[in-house]
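# Examining the three-dimensional arrangement
Each chain is listed here by its residues.
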Amino acid sequence: MHILSIGAGGQTERCCCAMKPYTRKASVLWLGTRQRGKGAISTPSAVLKKAPYASGSDIKRRGTNPPELIAAAHAGSFSMTLANELGEAGYSPRQIDTTATVTMEDIASGWTMTQIHLDVIATVPRVAQCDFIDAALRAKANCPISRSLNANISMRANLKRHLEAVRILPRVRAVGRGLTVNTKQQRKMKYDTKG
């Protein structure tokens, strides 16, 4: 919940008073060098409990790595932020699928996260395309992970049109006569069972 307050001189400030600041942590035990070492990552929630952890450039090793964890955090944070932006605009998303792809490059200063690309597919009933794109752009700008990263963030957002099934009533009453009109399928089924 955002509360709008008006300060001295008629200036408006946006303050977030609904949530108190909080902290989260994770710990890693690392053994060996960067190239040949290995580690284990744990979180207090026990979602990650001594999960294998290795260098992101070594694709042969089992386990997660920093770029993968940042991609997961970014995809999750962006999806929740987009759901919030759509909710504030009066829409109720059914599903938001986000894939974050992190690009790491070995530049002069060392391995650096240079690019993150977000692929988003959302199913949102009754949303106009322009409202969806506006919400996606706001989510990209307001996502806490996006704001904390010093990388170029690109995005492709697609609105998945979930076609509502057209409901065909099986029986329709004739106006004023109390007659029942069967559908073509019901007449066929009736005919098939007689034969």
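Residues numbered from 1 in each chain as written. Predicted model: local features only at pLDDT ≥ 70, side-chain atom pairs only at ≥ 80, totals over all residues. Heavy atoms only, no water.

On to the pattern of salt bridges. Inspection of every chain in the model, using the stated rule, returns two salt bridges. A salt bridge links glutamate 85 to arginine 138, with the shortest nitrogen-to-oxygen separation between them at 2.9 Å. Of the two residues, glutamate 85 is situated in helix H1 (residues 66-88) and arginine 138 in helix H2 (residues 129-142); the sequence distance between them amounts to 53 residues. Judged by its relative accessible area of 34%, arginine 138 is partly exposed. Here aspartate 119 ties to arginine 156 by a salt bridge, and the two come within 2.8 Å at their closest N and O atoms. (Salt bridge = Lys/Arg side-chain N within 4 Å of Asp/Glu carboxyl O. Helix = DSSP H or I, 4+ residues; strand = E, 2+ residues; numbered from the N terminus. Buried < 20%, exposed > 50% of the residue type's maximum accessible area, 1.4 Å probe, protein only.)

Take the nonpolar core next. The biggest cluster of nonpolar side chains holds 25 residues, and the ones touching the most others in it are Leu82, Leu86, Ile116 and Phe132. Looking at this core, the elements with two or more residues in it are H1, strand E6 (95-107), strand E7 (110-123), H2 and strand E8 (152-160). Excluding its chain neighbours within four sequence positions, the residues that come into contact with leucine 82 are Ile96, Val120, Phe132, Ala135, Ala136 and Ala139. (Core = buried A, V, L, I, M, F, W, Y, C linked by side-chain atoms within 4.5 Å. Contact = heavy atoms within 4.5 Å.)

On to the sheet that holds strand E4 (residues 38-42). Read across the sheet, three strands follow the order E3-E4-E5 without closing on themselves; strand pairing throughout is antiparallel. Looking at which strands have only one partner, the edges of the open sheet turn out to be strand E3 (27-31) and strand E5 (51-53). On average, each strand axis in the sheet is tilted by 30° relative to the strand beside it, whichever way the strands run. Both E4 and E5 contribute to a ladder of three bridges, which runs antiparallel. Within E5, the position partnered with glycine 39 by the bridge is tyrosine 53. (Pairing = 2+ DSSP bridges. Axes fitted to C-alpha atoms, helices over the stretch in contact; angles between N-to-C directions.)

Coordinates in, geometry out; function isn't part of it.
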